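Report on the structure
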Amino acid sequence: MRKKIVAGNWKMNTTLQEGIGLAKDVNEALKGAEPKCEVIICVPFTHLASVNEVIDANKLGLGAENCADHKSGAYTGEISAAMVASTGAKYVILGHSERRQYYGETSETLKEKVALAFENNLTPIFCIGEVLEERENGTFFEVVKAQIADALFHLSAEDFGKIILAYEPVWAIGTGKTATDDQAEEMHAFIRGVIADKYGKEVADNTSILYGGSCKPSNAAALFAKPDVDGGLIGGAALQAESFMGIVNAF
Ligand code: PEP
């Protein structure tokens, strides 16, 4: 059966020293704890190798927030999937709406990134979600379906089964506006149906679909209680161990 997961996305926050401190705090909070979900932190590239040294990999997974769409070579400033994997990280967030919006990521570039993540044994946490206009004009189901189909439906069922999906309505990210638990469930159930149509019920039932968008300790339990919401991708509330653990403990 699919995994329950709470993953933090630190974005472009914390210096290296602050990040090591935050990772140590989360790691400490997990010592002796028996969370009912897997816990992952996705941190800036500069922090990966150092954070990997201070966490217990059996309790806390480590991921990057992006990787390049090329293997290696003359791409100044880029970080390859192989480089990410060489730090000890096991996950990589791909297709976050901030990457799509500010850095022009398309389904074509994301296909390359997913392939390179797999080549390097990284598990993609693949983000999808509609913008406010699409929510308001009622096209949100077709937008999300296209994001999944265009970037992922060339994959074999086996490879698709390795992906963690994160539904993040863009209008809810960092805005304090959360999708209601019913809105989240409606979309998650829709996504599971789209996967079932393509790959069959077993693959769909085994795919973890996380919710992201202003998730916090006060609303996490209601979201996670929904049958198709398998956890959360957490931005702002992942920047303090206490609020992040409040969400982890919502399961
Ligand atoms: C995110 O960026 O993935 C996110 C969900 O952010 P926030 O929790 O701050 O809305």
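Read on for an overview of the structure. (Residues numbered from 1 in each chain as written. Predicted model: local features only at pLDDT ≥ 70, side-chain atom pairs only at ≥ 80, totals over all residues. Heavy atoms only, no water.)

1. Thoughts on the overall build of the protein chain
Using the following cut-off: Starting at the N terminus, helices and strands are each numbered in turn, a helix being any DSSP run of H or I of at least four residues and a strand any DSSP run of E of at least two. The quantity called the radius of gyration is restricted to C-alpha atoms. Its globule counterpart is 2.2 Å times the number of residues to the power 0.38. Whether two residues are in contact is decided by their heavy atoms: any pair within 4.5 Å suffices. A 1.4 Å probe and the Shrake-Rupley method give the accessible areas. Residues count as covered only by the protein chains that appear here.
The secondary structure content of the protein chain amounts to twelve helices and eight strands. Computed over C-alpha atoms, the radius of gyration of the protein chain comes to 17 Å, within 12% of the 18 Å expected from 2.2 N^0.38 for 251 residues, which places it in the range of a compact globule. Across its three principal directions, the C-alpha atoms of the protein chain cover 45 × 45 × 35 Å. Contacts spanning at least 24 positions in sequence make up 72% of the contacts within the protein chain whose residues lie at least 6 apart. For the protein chain, the exposed area adds up to about 11200 Å²; of that, 51% sits on carbon and sulfur atoms.

2. Details of the sheet that holds strand 1 (residues 5-9)
Rule in force here: We treat two strands as partners when DSSP finds at least two bridges between them. Between N-to-C directions, angles cover 0 to 180 degrees, with each direction set by a line fitted to C-alpha atoms, over the stretch in contact for helices.
Strand order in the closed barrel formed by eight strands is 1-2-3-4-5-6-7-8, with parallel pairing between adjacent strands. Between one strand and the next, the sheet's axes are offset by a mean angle of 25°, whatever the strand orientation. With four bridges joining them, strand 4 (residues 91-94) and strand 5 (residues 123-128) adopt parallel strand pairing. Bridge pairing in strand 5 links Tyr 91 to Thr 123. With respect to the sheet, helix 9 (residues 181-199) is in contact with strand 5, strand 6 (164-167) and strand 7 (209-212), its orientation differing from that of strand 7 by roughly 145°.

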